[in-house]
Amino acid sequence: MSENKENAPQEQEKDTVQQNSEPVWDEVPETEKKEPEPELTEEEKLKADLAALQEKFIYLQAEYQNYRKRAARDISDARSHAIADTLTPFLAVSDFLGMAQTAAEKTDNLDAIKQGLMMIIAQFDKALEEMSVRKFSAIGEKFDPDLHDAVGREPSETVPEGVVTKEWNCGYKIGEKLLRPARVMVSSGPDVPAENDPAENDPADKE
């Protein structure tokens, strides 16, 4: 009996320790719950959409202005390059013209002047060829309104009607595109004398 009494306090202490060691769940704070955000009204949604569209519009407007500036700059650069590429071959022609003028002032040799002019014409034709421009002649060709500009008609005993007899200016093409038509005279065929008016030969009129 005495042993049971001695062990009783020990068991009570163990029970107390076990009770004290158990977590006290009631003391743990509950997690704070977030309150749901209030739902936007239809007017607020429309205002938000409008603000987003306005911001996008401002961005696109700035992009468009930048595009216009770039396009204008590109066009200007392209025009400058095109002018430079076109004029460069003719600089040599200008040089030859200056040399011909100087030579003409110092000499009376017509053959030398003629030779200089032929060199200038050859250089000019070379410059045109570098740009894919070619001359075309119309003499002896049938008149073509798409290629020829008729300045007049003249009778001809040897050239059929509708055929070019003379050429005032040659024509020019770049590829298949017409740059300038040839200015020409066109044959009207043999010159047929006008028949006499029968009334002029009527004896009754003379009386």
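Relevant structure appears above.
Residues numbered from 1 in each chain as written. Predicted model: local features only at pLDDT ≥ 70, side-chain atom pairs only at ≥ 80, totals over all residues. Heavy atoms only, no water.

Asker: Give a detailed account of the overall build of the protein chain, specifying residues and quantitative values.
Answerer: When you go through the protein chain residue by residue, the secondary structure sums to four helices and six strands. For the protein chain, the sequential pattern of α-helices and β-strands runs α-α-α-β-β-β-β-β-β-α. Counting every position in the protein chain, which comprises 207 residues, the buried fraction comes to 13%. Contacts in the protein chain between residues far apart in sequence, at least 24 positions, make up 61% of those at least 6 positions apart. For the protein chain, the accessible surface area stands at approximately 17900 Å², while carbon and sulfur atoms represent 54% of it. (Helix = DSSP H or I, 4+ residues; strand = E, 2+ residues; numbered from the N terminus. Buried < 20%, exposed > 50% of the residue type's maximum accessible area, 1.4 Å probe, protein only. Contact = heavy atoms within 4.5 Å. Areas by Shrake-Rupley, 256 points an atom, 1.4 Å probe, with all protein chains shown as cover.)

Asker: I'd love a proper account of the packing of aromatic side chains, names of residues and values included.
Answerer: To describe a pair of aromatic rings, one takes the distance between the centres and the angle between the planes. Within the structure shown, the criterion is met by one aromatic pair. For the cation-ring pair, K173 lies above F136, with the distance from its terminal atom to the ring centre recorded as 5.8 Å. (Phe/Tyr/Trp six-rings, centres within 6.5 Å; stacked < 30°, edge-to-face > 60°. Lys NZ or Arg CZ within 6 Å of the ring centre and 35° of its normal.)

Asker: Let's hear about unusual backbone geometry: which residues, and what values?
Answerer: A positive phi angle, near 65°, is found at S132, a position not held by glycine. Within the secondary structure, S132 sits in the loop between α3 (110-130) and β1 (133-136). Assessed through its relative accessible area of 49%, S132 is described here as partly exposed.

Asker: With reference to specific residues and values, describe the sheet that holds strand β5 (residues 177-180).
Answerer: In space, the three strands of this open sheet follow the order β1-β4-β5, with antiparallel pairing throughout. For this open sheet the edge positions go to β1 and β5, each flanked by a neighbour on one side alone. Adjacent strand axes in the sheet meet at a mean angle of 35°, parallel and antiparallel pairs treated alike. Relative to strand β4 (residues 171-174), β1 runs antiparallel, the two sharing four bridges. In the sheet register, K135 faces β4, and the bridge partner there is Y172. (Pairing = 2+ DSSP bridges. Axes fitted to C-alpha atoms, helices over the stretch in contact; angles between N-to-C directions.)

Asker: Describe the environment of G152, with residues and values.
Answerer: Relative to the elements of secondary structure, G152 occurs in strand β2 (residues 148-154). The class of G152 is partly exposed, set by a relative accessible area of 22%. Residues G152 and V186 lie 34 residues apart in sequence; the distance between their C-alpha atoms is 6.4 Å. Leaving out residues up to four positions away in the same chain, G152 has contacts with V184, M185 and V186.

Asker: I'd love a proper account of the sheet that holds strand β3 (residues 164-169), names of residues and values included.
Answerer: An order of β2-β6-β3 is seen for the three strands of this open sheet, with the pairing classed as mixed. Taken across any chain shown, the strands that pair with only one partner, and hence form the sheet edges, are β2 and β3. For this sheet, the mean angle separating the axes of adjacent strands, direction not counted, is 30°. Pairing analysis gives six bridges linking β2 to strand β6 (residues 182-187), with the strands arranged parallel. Its bridge partner lying in β6, G152 is registered against M185.

Asker: Hey, could you go over helix α2 (residues 42-106) for me, with residue numbers and the actual values?
Answerer: Over its 65 residues, α2 runs 95 Å from end to end, which matches the ideal 96 Å to within 8%, given 1.5 Å per residue. Along α2, the largest kink reaches about 35° and is centred on T88; proline P89 follows within four residues of it. (Expected span 1.5 Å × (residues − 1). Bend = angle between axes of the 7 residues up to and from the residue.)

Asker: Would you mind going over the nonpolar core in detail, with residue names and values included?
Answerer: Ranked by size, the top nonpolar core spans six residues in total: F136, A138, V164, A182, V184 and V186. The greatest single-element share of this core, amounting to three residues, is contributed by β6. Residues in contact with V184, not counting those within four places in the same chain, are A138, F143, H148, D149, A150, V151, G152, V164, K166, E167 and W168. (Core = buried A, V, L, I, M, F, W, Y, C linked by side-chain atoms within 4.5 Å.)

Asker: Residue-level account of the packing of α2 against α3, with values.
Answerer: Packing of α2 against α3 leaves a shortest axis separation of 9 Å and a crossing angle of 175°. Relative to α3, the element α2 is oriented roughly antiparallel. Judged by residue contacts, P89, F90, A92, V93, F96, L97, A100 and A104 of α2 engage I113, M119, I120, Q123, F124, A127, L128 and E130 from α3. Taken together, the residues that form the contact of α2 with α3 break down as 14 nonpolar, one polar and one charged. (Parallel < 35°, antiparallel > 145°, perpendicular 65-115°, else oblique. Nonpolar A, V, L, I, M, F, W, Y, C, P; charged D, E, K, R; others polar.)

Asker: Kindly report on the pattern of salt bridges, identifying the contributing residues and their values.
Answerer: Tallied over the entire structure, the rule returns four salt bridges. K47 is the partner of E43 in a salt bridge, and the nearest nitrogen-oxygen pair spans 3.5 Å. Taken together, the positions of E43 and K47, both in helix α2 and four residues apart, correspond to about one turn of that helix. In this structure E43 comes out as exposed when scored by relative accessible area, which is 52%. (Salt bridge = Lys/Arg side-chain N within 4 Å of Asp/Glu carboxyl O.)

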